[in-house]
Amino acid sequence: MPAYTTPATLDDALALLASHKGQAMVIAGGTDLIPDLRRGVKCPQALVDISRIPELAHIEMTGEWLVVGAATTFAALKEHLAIRQRVPALAEAASAVGAMGIQTAATWGGNLVQAMPAADGAIVALALEAEARVAEPGGAAWRPVASLFRGPGQSVIDPTRQILTHIRVPLPTSPLDRAQGKRWGSAWRRVGRRDSLVLPILNCAVKLVLENASMPYDPPNLGGQGGVPNLVGQVEVMAEDLIERATIALGPVAPRPFRAQEAESFLAGKPLSIEVFEEAGRIAQRESNPRSSVMRASREYRLAVIPHIVSDALAAAAHRAQVGRRIHESLNQRLSGSVNQQSEGD
Amino acid sequence: MLDALHFSAMAISFTLNGSQVIAQSDPATPLLDVLRGELGLTGTKQGCDHEGECGACTVLLDGHPVRSCLTPLGKVAGREVLTVEGLAGPDGLHPLQAAFVEVGAVQCGYCTPGMLLSAKALLHRTLCPSRPEIIAALEGNLCRCTGYAKIVQAVELAAARLRGDAPHLNAAHAGPRPIGGSALRSDSLDKVTGKARYAEDLTLPGMLHSRVLRSPLPHARLSSSSVLRPSSLAEAGELPGVIRILTAADVPGSNGFAYYSQDEPVLPPAGATLRTIGAPIALVIAESPEQAERALAILQADLEPLPHAFDLDTVLADGAVPIAGEHNQLATWDLQHGDLEATLTASDHCLESCYETAFLEHAALEREALLGYLDEEDRITVIGGCHEPNFQRGYIADALALPPDQIRVIVPPTGGSFGGKQDPWPFIATALGVFHTRRPVRLVYTRRESFDASPKRHPYRVRYRMGATADGRLTGVHVRIDCNTGGYDGHGQYIPNFALTASGGPYRWPAVDGRARSVYTNGPKGGQFRGFGTGQSNFALECTLDELAQELGLDPLDLRLRNAITEKDWSFLGHPVGESLGYREVLEAVRPQYQRFLEEARQWNQSRVGHPLRRGVGLAGMWYRFGKSGSVRIEAHAELAQDGHLIICCSAPDYGQGTNTVMSQMAAEAFGVDREWVEVVNADTALVPYSGIQGASRATYFVGGAVREVSTALRSEVLGTAAELLDCDPDSLVIERDRVIAAGADCRGVSLAEVGGEFDRMGKPRRVAGFFDLASAFPAEIRPEYLPLVVTGAHLADVSVRLDTGEVKVRRMVAAHDVGRAVNPLDAEGQIEGAVLMGLGAALMEEVLPGQTTGLSDYYLPTAQSMPELQVILVEVPSRHGPYGVKGLGEAAMLPSTPAIINAVSRAIGVRLRTIPATPERVLQAIQLAPAQQGCYAGPRTRNAGGS
């Protein structure tokens, strides 16, 4: 049997893995695996390349879910128009992975299976409450992405037997949400030693679900990779908006990609305000337990910065949610003959 | 790195540059290795250790840019691969290639193939890319030479042309004369098509591969009984393919290169002390790199660990661990004039400061790569990028105990150096391999090895006491500089002189008390780095002056102007400067932008009280002494070729900075022909004269001077002979294209080739020697060791800083330099743009931590995203002695950028940053320490806490 195979279907891929009886390993983008092979960290006897299986590189939006084939590259994610518009944090996280020449090969699924505590793809998946579909010869099942990580670099997925096939993200415009009048905003914030091609000192993804409104959600992409984000101060406090639910994911602040659950609980039911975001940041800081990295930053620095990036990201997410609202308002005004056209964000 | 891929080979078929190919390799082999090896396409470059960290190996896979170093061969089966070799069409260059050549986006050319392909993929997606889109498309491709500005510009130009918006012809740059006309680089065409052959691209039949066993310890003693454990030596020696294992005993001549580096052996004898991680122990020479690698894994040296220290305080303390020299000191240099203490006591203000810098790595995209062989005259020949081929020849000759004429050194196209490739060690090691095997030998460092074993920029600690009157006149300066030379000298013996020279700048100092010393630690060995020891001092000086201006409530620009020396003044060095000075001019040149930036930052900050983002504007100046010491009489040769072409023979190696082009421009100008009529033979010790040491930004001034002299001399010989042939007055003759013709109505003429034929008949040599001689300008009895030739410049930086995270973004910069005369304005701009970004890296990102830094994944070079909006201003105050009024530039351009940025950050946060790189962590720390600092030294630098 050839040492390198590129099956065309998932069933073939699973069968190939099975036939190698644990000696073959899945390769997706290979951007992490190939260096590991060179270093002798991993020594499979064969590689099963899943990057050419059409269904694993497919992006689809159903009513409730964004379903992404696990072999979808970060380049495809960041360039996908609907993702940029509706799940901007995912597009932003995808553009933060390495740089263009990495993003064209590296896959979201591969990033999750690598299970590094600050994997951009894992942090954003946690905040988006993504689920992963893991297939093995006996069948396949969806499970929360949060349950995939065992420890630094250790996934519960066995790449000699199992294949992460899809990742799905609950979409903000699900009919249920709309009926309940919820608006969502997601955002991404990263601090690094430089603006690109670098592992993060810290990364953070958040999702805010606002309640008590019945308006469409269509925020524009704020863009703005690189540079020093200028988000604080842009949020107009709208007292009537309440946070129904929030998610906050942070890395690397624990052995696994981390959800700041206490900060999330704190946010539930709170109004949108900078003070609330800052308090959530301080709670997230207390929950975090980062390590010192000689080449990136110390534990102390990471702890000092966590509150700020969390509140930055929350502010951006709130801004995005409110942009949706403002668009709605201005539409209403226009429909009712008003000439007062409001600016659509920054 | 041990190549652990071990699948059996498969036949993998794919489309490569439009043709079907079949590769027979392990399917996990990186595509990069298959392209460069089995398929023989060397246009795709390797810059890192197959880690995806540099982008030099970018190719297109089905139109998408990928790292070929991370792409296993198995992945390309049945797909389309495009490399730089396939970019040009049958009708000529791809518009991107043409644009890269035209706008000067190609310097060393090592990143160029990857850049071109990343850009091609972008233009496939859109022909109207925004600037941020271009930057995002290129952010993964590192470039160390250009600062990215001209690359982005080239992509914009190509996009415009593909849209049909811009002219296709490139006549725009061609000036009326060769000098000052932004001539396109003579070698860019090869570099954009992948044809340029760098040292690592060359192979010879029977070529062997050399690898180096190196010390993993910062300080250790080799067993006194043998360098290598005999059992390991026997085992490794018997491995298949292993040809020789060389140790100190195999060095036939002097085991060292003392003129360059005192007390640094080529290979250490038994019992020797190894003073740094990466110190060489033995050389393995084998039929393949993998076989050499296997031997390395087996070889063992018995090393007794010794206490070690990387920082200055530890090695200078009483009872410190002895590393080398007396009290761990290598060299000192003093400079005193005036009564400093009295002056300072009488001054209205006296300010103290202490600044610290880090080990910097040149990180040229091409790693150290050399090929040695026996040439047709049986000379031991080494091809490799370097600054001083004649010196390398001398070091090799000494080590091999051979006369220099049996050694030859050739400089091929070189992928950047910035001083890093001056190290003689890899040259000697390569030659030693050829000496013992009589076969071709290749030596290529891994990137990791380059980080461990190549020379670094010395970290400095600079302490100032500086006096001034209330109205901002400098009264005196007391400066103490400690230069960390690491484990070996590596020219650290000369560093104190340069450190001190730069510490005074182009300012009037009535009293000076300066002392600099170089100090041994167990850090990586120091060495030449762009600016050779001046950048660190200039950083400290220009930041301290900014502190002084702030304390005095003066405008920093005015403070500098008030104290700037003129050509008539005595300089900081205690004697007059030897060249025209344009410092006032460069300061005035940046003034309008300076005032604009200040006002914009002020308004921005004022309108956002309490906002975490603050803006700041910084200014810094510089003087740089170019030219080095040594002979003031520089030689070059000119030859009238058989077909009438002008051939220039000189030694001014082109490692990306463009000397080949500049020399051809100078020769063309002097000889009176088009530049295309000139061929430059450069930097081959068998073919060209010794044109002095190459470095200190001296090529254009010194070697260019010799090229002008010799071209002028040959011209008058040619005109004289032509006059005899035409029976007329030589003064009435001109050279037009390939002919000498009589001016005026008389159309008589004779071709240059015919003149050459006449030379032969007359027995007149076609090749003449010419000299650029400064002896009369600087008579020996009053000539200082280093000629007082200085250039000046000033930079502005406009930054924004996040007060809550310490993140810094350099928004805009302005760089003004007195270049004397820009021989090639496009290239001069390109040098400055690259230098500005290198200075930005030093200011904010770059730091080698001994024993920690592994490569380009954790040594942070600026990317295209780091690039500020940059304006370059070329100020031309003609030199008095240089050819055509030129001055040196390449190194000087890096100096003001770092302090300008740090001054801007300090102004933004309201606290002085005194340690670089100013990582987010250091900046945040400074902000948090703000109340305590109050202008005082904030305590020693801690080395190992990732930024303390």
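Owing to the predicted nature of the structure, the values given are computational and were not obtained by experimental measurement.

What counts and what doesn't
- Residues numbered from 1 in each chain as written.
- Chains lettered and ligands numbered in written order.
- Predicted model: local features only at pLDDT ≥ 70, side-chain atom pairs only at ≥ 80, totals over all residues.
- Heavy atoms only, no water.
- Helix = DSSP H or I, 4+ residues; strand = E, 2+ residues; numbered from the N terminus.
- Contact = heavy atoms within 4.5 Å.
- Areas by Shrake-Rupley, 256 points an atom, 1.4 Å probe, with all protein chains shown as cover.
- Pairing = 2+ DSSP bridges.
- Domains from an automatic or database assignment.
- Buried area = accessible area lost by both parts, 1.4 Å probe.
- Salt bridge = Lys/Arg side-chain N within 4 Å of Asp/Glu carboxyl O.
- Polar contact = N/O pair within 3.5 Å; in protein donor to acceptor, adjacent residues only side chain to side chain.
- Nonpolar A, V, L, I, M, F, W, Y, C, P; charged D, E, K, R; others polar.
- Buried < 20%, exposed > 50% of the residue type's maximum accessible area, 1.4 Å probe, protein only.
- Arc of directions from axis to C-beta.
- Axes fitted to C-alpha atoms, helices over the stretch in contact; angles between N-to-C directions.
- Parallel < 35°, antiparallel > 145°, perpendicular 65-115°, else oblique.
- Left-handed = near helix turned anticlockwise from the far one by under 90°.
- Phe/Tyr/Trp six-rings, centres within 6.5 Å; stacked < 30°, edge-to-face > 60°.
- Lys NZ or Arg CZ within 6 Å of the ring centre and 35° of its normal.
- Right-handed = clockwise from strand over helix to strand, strands pointing away.

A. Broad picture of the overall build of chain A. When you go through chain A residue by residue, the secondary structure sums to twelve helices and 14 strands. For chain A, contacts bridging at least 24 residues in sequence account for 68% of all contacts bridging at least 6. Surface accessibility of chain A: about 12600 Å² in total, with carbon and sulfur atoms responsible for 51%.

B. Representation of the sheet that holds strand β2 (residues 24-27) of chain A in the model. With parallel pairing, three strands are arranged side by side in an open sheet as β1-β3-β2 (chain A). Of all strands in the sheet, those with a lone pairing partner are β1 (4-5) and β2 of chain A, marking the two edges.

C. Summary view of the domain arrangement of chain A. Residues and elements named next belong to chain A. Assigned domains of chain A: these are domain 1 (4-170) and domain 2 (175-334). Taken together, the contact pairs 31 residues of domain 1 with 33 residues of domain 2. Between domain 1 and domain 2 lies a buried interface of about 2500 Å² when both sides are counted; carbon and sulfur atoms form 59% of it. Looking at the side of domain 1 facing domain 2, the largest losses of area belong to E92, I123 and E129, adding up to 22% of the total buried there. Viewed at the interface, domain 2 and domain 1 are joined by four salt bridges. In this structure, E129 engages K207 in a salt bridge whose closest nitrogen and oxygen atoms are separated by 2.7 Å. Linking domain 1 with domain 2 are 13 residue pairs in polar contact (both at pLDDT 80 or more). Split by residue class, the side of domain 1 that touches domain 2 holds 19 nonpolar, five polar and seven charged.

D. Seen up close, the environment of S19 of chain A. Residues and elements named next belong to chain A. Tracing the chain through its elements places S19 in helix α1 (residues 10-19). On the basis of relative accessibility, which here comes to 35%, the residue S19 falls in the partly exposed class. When the C-alpha atoms of S19 and R161 are compared, they prove to be 9.7 Å apart, with 142 residues separating the residues in sequence. Here L16 takes part through its backbone oxygen, which lies 2.7 Å from a polar atom of the side chain of S19.

E. Geometry of the side chain of N522 of chain B. Assignment of secondary structure puts N522 of chain B in the loop between β20 (511-520) and α15 (534-552). Side-chain polar atoms of N522 of chain B contact the backbone oxygen of R275 of chain B, separated by 3.0 Å.

F. How the structure looks around α1 of chain A. Residue and element names in this part refer to chain A. Among all positions in α1, only L10, A13, L14, L16 and L17 are buried. Buried residues of α1 fall within an arc of 160° about the axis and therefore sit on the same side. If you follow the buried residues of α1, they end up packed against β1, β2, β3 (46-49), β6 (131-136) and β10 (163-170). Of the residues one or two after α1, K21 is the one with positive phi, at around 50°.

G. Structural detail: the sheet that holds strand β23 (residues 646-650) of chain B. Residue and element names in this part refer to chain B. Here four strands make up an open sheet; going across it, the order is β24-β23-β22-β28 and the pairing mixed. Edge strands, defined here as strands with exactly one partner in the open sheet, are β24 (678-682) and β28 (767-773). Adjacent strand axes in the sheet meet at a mean angle of 25°, parallel and antiparallel pairs treated alike. Note: β23 against β24, five bridges, orientation parallel. Bridged to C650 within β24 is N682. Those strands touched by helix α18 (residues 659-671) are β22 (633-640), β23 and β24, and its axis lies near 135° from that of β24.

H. Here's a closer look at unusual backbone geometry. The amide bond that connects G251 of chain A to the next residue, P252 of chain A, takes the cis arrangement and shows omega of -20°. Note that the residue after I916 of chain B, namely P917 of chain B, is joined by a cis bond; omega there is 5°. Relative to the elements of secondary structure, P917 of chain B occurs in the loop between α22 (897-909) and α23 (920-928). The backbone of K21 of chain A sits at a positive phi, close to 50°, despite the residue not being glycine. Here K21 of chain A shows up in the loop between α1 and β2. Looking at K21 of chain A, the relative accessible area reads 70%, which means it is exposed.

I. Quick look at the packing of helix α11 (residues 389-400) of chain B against helix α12 (residues 425-437) of chain B. All names here are of chain B. Where α11 contacts α12, the two axes come as close as 9 Å, and the packing angle between them is 50°. As judged from the angle between their axes, α11 and α12 are oblique. For the element pair α11 and α12, the recorded crossing hand is right-handed. Contact residues: α11 offers Q392, Y395, I396, A399 and L400, while α12 offers F427, I428, A431, L432 and F435. Its residues assigned to classes, the contact of α11 with α12 comprises nine nonpolar, one polar and no charged.

J. Representation of the interface of chain A and chain B. On the chain B side, the residues contacting the 59 residues of chain A number 64 residues. Taken together, both faces of the contact between chain A and chain B bury some 4800 Å²; the carbon and sulfur share is 60%. On the chain A side of the contact with chain B, R38, R193 and R194 of chain A bury the most area, a combined 18% of that side's loss. One can count six salt bridges joining chain A with chain B. The partner of D195 of chain A in a salt bridge is K809 of chain B, and the shortest N-O contact between them spans 3.4 Å. Remark: the boundary between chain A and chain B carries 13 residue pairs in polar contact (both at pLDDT 80 or more). Taken together, the residues that form the side of chain A that touches chain B break down as 28 nonpolar, 19 polar and twelve charged.

K. Broad picture of the environment of G319 of chain B. With respect to the secondary-structure elements, G319 of chain B resides in the loop between α9 (312-316) and β12 (329-337). Taking the C-alpha atoms as reference points, G319 of chain B and L233 of chain B, 86 residues apart in sequence, are found 38 Å from one another.

L. Spatial organisation of the domain arrangement of chain B. Residue and element names in this part refer to chain B. Domain annotation of chain B identifies domain 1 (10-86), domain 2 (95-200), domain 3 (208-306 + 368-444), domain 4 (460-627 + 785-933) and domain 5 (633-773). Each of domain 2 and domain 3 has a C-alpha centre, and these two points are 38 Å apart. Taken together, the contact between domain 2 and domain 3 spans eight residues of the former and eleven residues of the latter. Note on domain 2 versus domain 3: buried area summed over both sides is about 760 Å², and carbon and sulfur give 71% of it.

M. Examining the packing of aromatic side chains more closely. Counted by the stated rule, this structure contains 16 aromatic pairs over all chains. Summarising the aromatic geometry, the rings of Y701 of chain B and F772 of chain B are spaced 5.9 Å apart at their centres and angled 90° between planes, so their arrangement reads as edge-to-face. Of the two residues, Y701 of chain B is situated in helix α19 (residues 699-726) and F772 of chain B in strand β28; the sequence distance between them amounts to 71 residues. A single burial state applies to Y701 of chain B and to F772 of chain B, both of which are buried. Ring plane angle 90° and centroid distance 6.0 Å describe the contact between F702 of chain B and F772 of chain B, whose orientation is recorded as edge-to-face. Taken as a pair, F702 of chain B in helix α19 and F772 of chain B in strand β28 lie far apart in primary sequence, 70 residues in all. Here F702 of chain B matches F772 of chain B in class, with each residue buried. Grouped by ring-pair contacts, the aromatic residues F257, Y259, Y260, F391, Y395, Y494 and Y690 of chain B constitute a single cluster. Lying over the aromatic face of W142 of chain A, R168 of chain A brings its terminal NZ or CZ to 4.1 Å of the ring centre. The ring of F529 of chain B has R457 of chain B lying over it, and the distance from NZ or CZ to the ring centre is 5.8 Å.

N. Region of interest: the pairing of β3 of chain A. Residues and elements named next belong to chain A. Neither face of β3 is exposed, since A46 and V48 on one face and L47 and D49 on the opposite face are all buried. By the bridge criterion, two bridges tie β1 to β3 in an arrangement that is parallel. Looking at β3, one finds that T5 is bridged to V48. In terms of strand pairing, β2 meets β3 through four bridges, oriented parallel. Note that in β3 the partner of V26 across the bridge is V48. With helix α2 (residues 33-39) bridging β2 and its parallel neighbour β3, the resulting β-α-β unit is right-handed.

O. Just helix α16 (residues 556-563) of chain B, in detail. Residue and element names in this part refer to chain B. Most of α16 is tucked away: six of the eight residues are buried. When α16 is considered as a whole, its buried residues turn out to be P556, L557, L559, R560, L561 and N563. Taken together, the buried residues of α16 touch β19 (474-486), α15, α17 (583-606), β21 (613-625) and α22. The opening residue of α16, the one whose side-chain oxygen lies 2.6 Å from the backbone nitrogen of L557, is D555.

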